[in-house]
Amino acid sequence: MTKNIEDNQAYCMNMVRHDDPERYLTVLFAPADKRRSLFALYAFNQEVAKTRENVSEAMIGEIRLQWWTEAIEQILSGHVREHPVVMELGEINNLKELAPLFFDIIAARKSDLYSDGVADIKALTDYAQNVGGKLCDIAVRICNDKVNVDNNIAVSCGTAWALMGLIRAIPFHDDSETSPLSFGIDRSAEEIGEQIKPLVIEVSNVISESLEEAASGYNKRQDNSPLLLTSILTGYMRALIKADYNPYEMHKFEAGKARKILSMLWQGISGRISLK
């Protein structure tokens, strides 16, 4: 039994380290007794986020996402499916309280399965709030399960992170019909980087507003390790500006791993979110 538990923990940790390396780094800053739950949460996120790329048609994706909804419902009723991520989710102390947020994330991921993306910037922000904001909210609640937390800060940080992820993913969606940022994009255009620039600026403005909201209410009395992503996000904003809001060029200006770790250390020591 002990070996199975260790295997499940390693499965989640290795998945996050490989597929979500920046969140992996933030977990290393979290209290030791919270890391297992955070790795389970972020492994769950990878499982549902990759649904679209792992299925051949939308209906199969719907079934797969429903499987995750039912798996969490069964944990709450005392039955844990024999899947390493599910079994680790079952060890989260306050899962009953957090379950509605998990369900919201799963529901939002259904839109990934269809090629029409979202309708406008508001719909895009709502999508990011559900897949990123609520994920960050869960993480902060896990780290502060006996402390009252301001979930608005976590939601703002997670929403901003998700929106930046959509911008950075634009170059990888060239051959795909499915992207939440597909509205307003003519993929037949030769200069797609320039064509998409107004949309990227609009999204980056929402990111800046979300960061400002988070920075103004940052609570030094709680564990904020999940919010360390914002230090990396600030670097991505700088890179995007240097690239003149062209997502195809911003990788040239992005910081390396060591710089990201240093920025997280600075945020942890200073106890505030930098907006520059």
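Residues numbered from 1 in each chain as written. Predicted model: local features only at pLDDT ≥ 70, side-chain atom pairs only at ≥ 80, totals over all residues. Heavy atoms only, no water.

Chemist: I'm lost on unusual backbone geometry in this one. Help?
Modeler: Across residues other than glycine, the phi torsion is negative in most instances, and most of the peptide bonds are trans. Residue Asp244 is not a glycine yet carries a positive backbone phi of 55°. Mapping Asp244 onto the fold places it in the loop between α12 (229–242) and α13 (257–270). You can call Asp244 partly exposed: its relative accessible area is 40%. (Helix = DSSP H or I, 4+ residues; strand = E, 2+ residues; numbered from the N terminus. Buried < 20%, exposed > 50% of the residue type's maximum accessible area, 1.4 Å probe, protein only.)

Chemist: For this particular structure, what's the right way to read the nonpolar core?
Modeler: One broad trend across soluble globular proteins is that nonpolar side chains are buried collectively. The biggest cluster of nonpolar side chains holds 42 residues, and the ones touching the most others in it are Leu163, Met164, Ile167, Ile207, Leu227 and Met250. Only α8 (121–143), α9 (151–169), α11 (197–216) and α12 provide two or more residues apiece to this core. Among all residues touching Leu227, those that are not within four sequence positions of it are Cys136, Val140, Ile153, Ala154, Cys157, Tyr218 and Gln267. In this structure, Met15, Phe44, Leu89 and Leu113 belong to the second largest nonpolar core, which totals 37 residues. (Core = buried A, V, L, I, M, F, W, Y, C linked by side-chain atoms within 4.5 Å. Contact = heavy atoms within 4.5 Å.)

Chemist: Got a minute to help me understand the side chain of Glu22 in this structure?
Modeler: Looking at the secondary structure, you find Glu22 in helix α2 (residues 21–28). Residues within four places of Glu22 in sequence aside, it is in contact with Trp161, Arg168, Leu229, Ile232, Tyr236 and Lys260.

Chemist: Explain α13 here, please?
Modeler: Residues spaced three or four apart along an α-helix point in a common direction, a consequence of the helix completing one turn every 3.6 residues. Its 14 residues place the ends of α13 20 Å apart at the C-alpha level, agreeing with the 20 Å of an ideal helix rising 1.5 Å per residue. Along α13, the positions that sit buried rather than exposed are Lys260, Ser263, Met264 and Gln267. Along the axis of α13, the buried positions cluster into a sector of 100°, meaning they face one direction only. For α13, the exposed residues set more than 90 degrees away from the buried face come down to Ala258, Leu262 and Ile269. Where α13 is buried, its residues meet α2 and α12. Within two residues after α13, Gly271 carries a phi angle of roughly 70°, on the positive side. (Expected span 1.5 Å × (residues − 1). Arc of directions from axis to C-beta.)

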